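Report on the structure
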Amino acid sequence: QVQLVESGGGLVQPGGSLRLSCAASGTFWRINDMGWYRQTLGKQRELVAVISRGGSTNYADSVMGRFTISRDNAKNTVFLQMSMLKPEDTAVYYCNGKVRHSFVDYSGSDYWGQGTQVTVSS
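Residues numbered from 1 in each chain as written. Predicted model: local features only at pLDDT ≥ 70, side-chain atom pairs only at ≥ 80, totals over all residues. Heavy atoms only, no water.

Spatially, the four strands line up as an open sheet ordered 1-3-8-7, and their pairing is antiparallel. Across the chains shown, the open sheet's two edge strands, defined by having one partner strand only, are strand 1 (2-7) and strand 7 (67-72). Neighbour-to-neighbour, the strand axes of this sheet turn through a mean angle of 15°, independent of strand direction. With six bridges connecting them, strand 3 (residues 18-26) and strand 8 (residues 77-82) associate as antiparallel partners. When the bridges of strand 8 are listed, L20 appears paired with L80. (Pairing = 2+ DSSP bridges. Helix = DSSP H or I, 4+ residues; strand = E, 2+ residues; numbered from the N terminus. Axes fitted to C-alpha atoms, helices over the stretch in contact; angles between N-to-C directions.)

Here it is, written out as structure tokens:
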């Protein structure tokens with residue numbers, strides 16, 4: 001079993017900051033890409049940021065320059081530092097990991113956290 005558990009969501013004022021964490025636990029070999037996605041009611045889940053095991057990052061245009069994704073491979077944890085938050089950032093944020101179960105499992109398979117609510121409001 002593999003579990004991804006997010007933490008750090010909450011209510012913040014526009015212009016404020018918030019840091020999300022996601023830790024993977026269970027039985028697996030290692031994790032390739034890890035990322036953050038978000039979803040609002042009635043809309044599809046969208047990519048926020050993704051980071052490779054080696055640290056290469058990609059961001060959605062809407063968060064570029066405001067959010068920073070990072071990871072700690074030794075702890076199987078990915079972070080999302082969110083700054084200059086806007087009301088339109090309000091969503092449920094989901095952690096994603098491409099989990100490899102052995103060294104011959106080259107691509108891995110997707111696992112998702114349960115989601116954490118981020119609300120940006122005055």
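A separate point is the side chain of R38. Position of R38 among the secondary structure elements: in strand 4 (residues 30-39). Reaching out from R38, the side chain makes a polar contact with the side chain of S62 at a distance of 3.3 Å. Among the polar contacts made by the side chain of R38, one reaches the side chain of Y93 at a distance of 2.9 Å. Ignoring anything within four residues of it in the chain, the contact list for R38 reads Q44, R45, E46, V48, S62, V63, F67, E88, D89, A91, V92 and Y93. (Polar contact = N/O pair within 3.5 Å; in protein donor to acceptor, adjacent residues only side chain to side chain. Contact = heavy atoms within 4.5 Å.)

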